[in-house]
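Structural characterization, general
Here is how the chains run, residue by residue.
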Amino acid sequence: MGQDSDANLKPPWWLKPMNKVMMAVMRVVPIKGPVVLTVPGRSSGEPRSTPITPFEVDGRRYVVGGFPNADWVRNARAAATATVTRGRQREEVRLSEVPAEEARPLLRQFPILVPTGVGFMKNAGLVTGPNPDEFEALAGRCAVFRFDPV
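As recorded in an unreviewed UniProt entry, the protein goes by Deazaflavin-dependent nitroreductase and comes from Mycolicibacterium aubagnense.

Our next topic: the packing of helix H3 (residues 100–113) against helix H4 (residues 115–123). Where H3 contacts H4, the two axes come as close as 5 Å, and the packing angle between them is 110 degrees. The pairing of H3 with H4 is recorded here as roughly perpendicular in orientation. Of the residues in H4, those touching H3 at Phe110, Pro111, Ile112 and Leu113 are Pro115, Gly117, Val118 and Met121. Of the residues in the contact of H3 with H4, the class split is seven nonpolar, one polar and no charged.

Inspection of every chain in the model, using the stated rule, returns ten salt bridges. In this structure, the salt-bridge partner of Arg60 is Asp148, at a minimum N-O distance of 3.4 Å. Of the two residues, Arg60 is situated in strand S4 (residues 60–64) and Asp148 in strand S7 (residues 144–149); the sequence distance between them amounts to 88 residues. Residue Asp148 is classed as buried on the basis of its relative accessible area of 13%. The partner of Glu91 in a salt bridge is Arg61, and the shortest N-O contact between them spans 2.8 Å. Here Arg61 lies in strand S4 and Glu91 lies in strand S6 (residues 89–97), a separation of 30 residues in the sequence.

Attention now moves to H3. In this model H3 runs 19 Å from its N-terminal to its C-terminal C-alpha over 14 residues, within 8% of the 20 Å that 1.5 Å per residue would give. Of all the bends in H3, the greatest, near 25 degrees, is centred on Leu106. For H3, the set of buried residues is Ala103, Leu106, Leu107, Phe110 and Pro111. Structurally, H3 contributes buried residues whose contacts are with strand S3 (55–57), S4, H4, helix H5 (132–136) and S7.

This part takes up the nonpolar core. Counting 38 residues, the largest nonpolar core has Trp72, Leu95 and Met121 as its most contacted members. For this core, the element with the most residues is H3, which contributes four residues. Each residue touching Trp72, except ones within four places of it in the same chain, is listed here: Leu37, Val39, Thr50, Ile52, Val63, Val64, Gly65 and Phe145.

Before going further, it helps to spend a moment on the pairing of S4. Relative to S4, S3 is paired through three bridges, and the arrangement is antiparallel. In the sheet register, Phe55 faces S4, and the bridge partner there is Tyr62. What sits between the antiparallel neighbours S3 and S4 is a turn of two residues, in which Asp58 has the positive phi angle 50 degrees. The pairing of S4 with S7 spans four bridges and is classified as antiparallel. When the sheet's bridge partners are listed, Tyr62 is paired in S7 with Arg146.

So, how was this worked out
- Residues numbered from 1 in each chain as written.
- Predicted model: local features only at pLDDT ≥ 70, side-chain atom pairs only at ≥ 80, totals over all residues.
- Heavy atoms only, no water.
- Axes fitted to C-alpha atoms, helices over the stretch in contact; angles between N-to-C directions.
- Helix = DSSP H or I, 4+ residues; strand = E, 2+ residues; numbered from the N terminus.
- Parallel < 35°, antiparallel > 145°, perpendicular 65-115°, else oblique.
- Contact = heavy atoms within 4.5 Å.
- Nonpolar A, V, L, I, M, F, W, Y, C, P; charged D, E, K, R; others polar.
- Salt bridge = Lys/Arg side-chain N within 4 Å of Asp/Glu carboxyl O.
- Buried < 20%, exposed > 50% of the residue type's maximum accessible area, 1.4 Å probe, protein only.
- Expected span 1.5 Å × (residues − 1).
- Bend = angle between axes of the 7 residues up to and from the residue.
- Core = buried A, V, L, I, M, F, W, Y, C linked by side-chain atoms within 4.5 Å.
- Pairing = 2+ DSSP bridges.

This is the structure we're talking about:
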């Protein structure tokens, strides 16, 4: 699947309801790995939240947008800052989108550092499995953001 078909790539119908359930569970039971990312909506300015799984490379935290042009990715691109919540802990961060060349080595590490993300990316039709070459090839298609302290 190439970039031309990314405009037609849609998340499964069950993803938004599942995200709401996941965020409710995460408020009560802190789960290792996923956090809730909240950014202002690019049109409404209203807070928009989604569960994400950041990963760390060389002491810096990153997150990969699992769907090209996902709402949260477009909102993150438009936002100056975001809130990351794990349980009751909240942290303000600046999201900086990483250029494709810088994203390549990060994407190679993604299937190792976020194995739960492999199934998601596979179901989305972006990869066939945990092959680092396939993930690296997503550079420029799937956004990679770095979390910087505010």
